[in-house]
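# Overview (structure and organization)
Listed below are the residues making up each chain.
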Amino acid sequence: MRELVRGLVRRNRLLRTAARKYRRMATPPPAAKLRSIDLRLPAPPDGRKRGPESVTVRASGRQTLFKRLAREGISGYEPETVACYLAALESAPKGAVLDIGANLGLYSFLASARSRRTVYGFEPTPDLAEVMRRVAKDNRLGFHTEQRAMGRENGTATLYLSDRADLSNSLLEGFRDSSRHLVVPLETVDHWCARTRVKPGLIKIDTEATEPAVIDGVSLIGQYQVVAINRGGSPALATAGTG
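Per chain, the residues get numbers from 1 upward, laid out in the order the sequence is written. Side-chain atom pairs in this predicted model are given and counted only at pLDDT of 80 or more, local residue features only at pLDDT of at least 70, and totals for whole chains, interfaces and linings cover all residues. Each side-chain value is derived from all of the structure's non-hydrogen atoms; neither hydrogens nor water enter the calculation.

It is a probe the size of a water molecule, rolled over the atoms, that shows where empty space is left. Estimates place the volume of the second largest pocket at around 220 Å³. As for the second largest pocket, its lining consists of 14 residues, and the residues nearest its centre are D127, S162, D166, N169 and R180. Where helices and strands are cited, they refer to DSSP runs of H or I of at least four residues and of E of at least two residues respectively, numbered from the N terminus. Residue assignment for the lining of the second largest pocket shows that the elements contributing at least two residues are α6 (126-138) and β8 (180-187). In the lining of the second largest pocket, the residues fall into four nonpolar, four polar and six charged. Cavities and pockets are found on a 1 Å grid laid over the protein atoms alone: a cavity is a set of points where a 1.4 Å probe fits but cannot escape, a pocket is an open set with protein on both sides within 12 Å along at least five of seven lines, and a lining residue has an atom within 4 Å of such a point. Grid points are joined across faces, edges and corners, and a volume is the space filled by probe spheres set on the points. Gly counts as polar in this scheme, as do all residues outside two lists: the nonpolar Ala, Val, Leu, Ile, Met, Phe, Trp, Tyr, Cys and Pro, and the charged Asp, Glu, Lys and Arg.

Here it is as structure tokens:
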């Protein structure tokens, strides 16, 4: 019977075309080959040796931040913000670090490598969150990846994927040209902290134009130190917590 079917397929052009399409659909695509970069980490502000000297990041190579870090290193990417962030890790009240708008997790793995704080990185874009999980596992860093967006309400939201660069993915429609979008979980910082029983000491926010909405979801903001990053990549210490 099998040979009879094969003979019919060979003799019929339409059947041959359909069979080829079916084989292409049934065959899973090959796994993307990962590129790897080793990033030298900046020293802690106090000069004490703490954590690894470098971190390995493995990704497909399509991610915008991955390309920039491969080209510039951490020292060449947002140097003022990195310096401000490392200082905030030392001066912020006791508590966890919330890296909101983590992309592939640069500030999450910096906090994990250069402090003893518990670190949570929030990134709703699936492939970027996957890079974060890989970095944590490959380098034995203890930061946690939360694949969700943060804002002023709880539920779901539309994430607009930038056609230009994944650094510009945003919940704000029209922020960048976007031909694709995803529906992602949305939560306020207050709700997430109550649900997980995590007490933050430092909150870093870089959510591509929706930073005010994230801050609206933090009722006890005076208890934390907040590093908000504006469109030019410059840091601002929005609130100095009292602990």
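This paragraph deals with the pairing of strand β3 (residues 96-100). Taken residue by residue, a regular strand's side chains alternate between the two faces of the sheet. Exposure classes here rest on a 1.4 Å probe applied to the protein chains alone. A residue is buried below 20% of its type maximum, exposed above 50%, and partly exposed in between. Counting buried positions along β3 gives five out of five residues, so the element sits mostly inside the fold. The alternating pattern of β3 places A96, L98 and I100 on one face and V97 and D99 on the opposite face, and all of these are buried. Any two strands between which DSSP finds at least two bridges are classified as paired. Bridge analysis of β3 against strand β9 (residues 200-205) gives five bridges, and the strand direction is parallel. Paired with A96 across the strands is P200, a residue of β9. With helix α5 (residues 106-114) bridging β3 and the parallel strand β4 (residues 119-122), this β-α-β connection has right-handed handedness. Crossover handedness is defined here as right-handed if the route from the first strand over the helix to the second strand goes clockwise, with the strands pointing away from the viewer.

Moving on, we get to the nonpolar core. In plain words, nonpolar cores are sets of buried Ala, Val, Leu, Ile, Met, Phe, Trp, Tyr and Cys residues tied together by side-chain atoms within 4.5 Å. The biggest cluster of nonpolar side chains holds 36 residues, and the ones touching the most others in it are V57, I74 and F109. Elements supplying a minimum of two residues to this core: β1 (35-40), β2 (54-59), α3 (64-72), α4 (79-91), α5, α6 and β10 (225-229). Not counting the four nearest positions on each side in its chain, F109 is found in contact with L39, L41, V55, V57, I74, V135, L141 and F143. Y120, V198, I203 and I205 belong to the second largest nonpolar core, which has 16 residues in total. Here, two residues are considered to be in contact whenever any of their heavy atoms come within 4.5 Å of each other.

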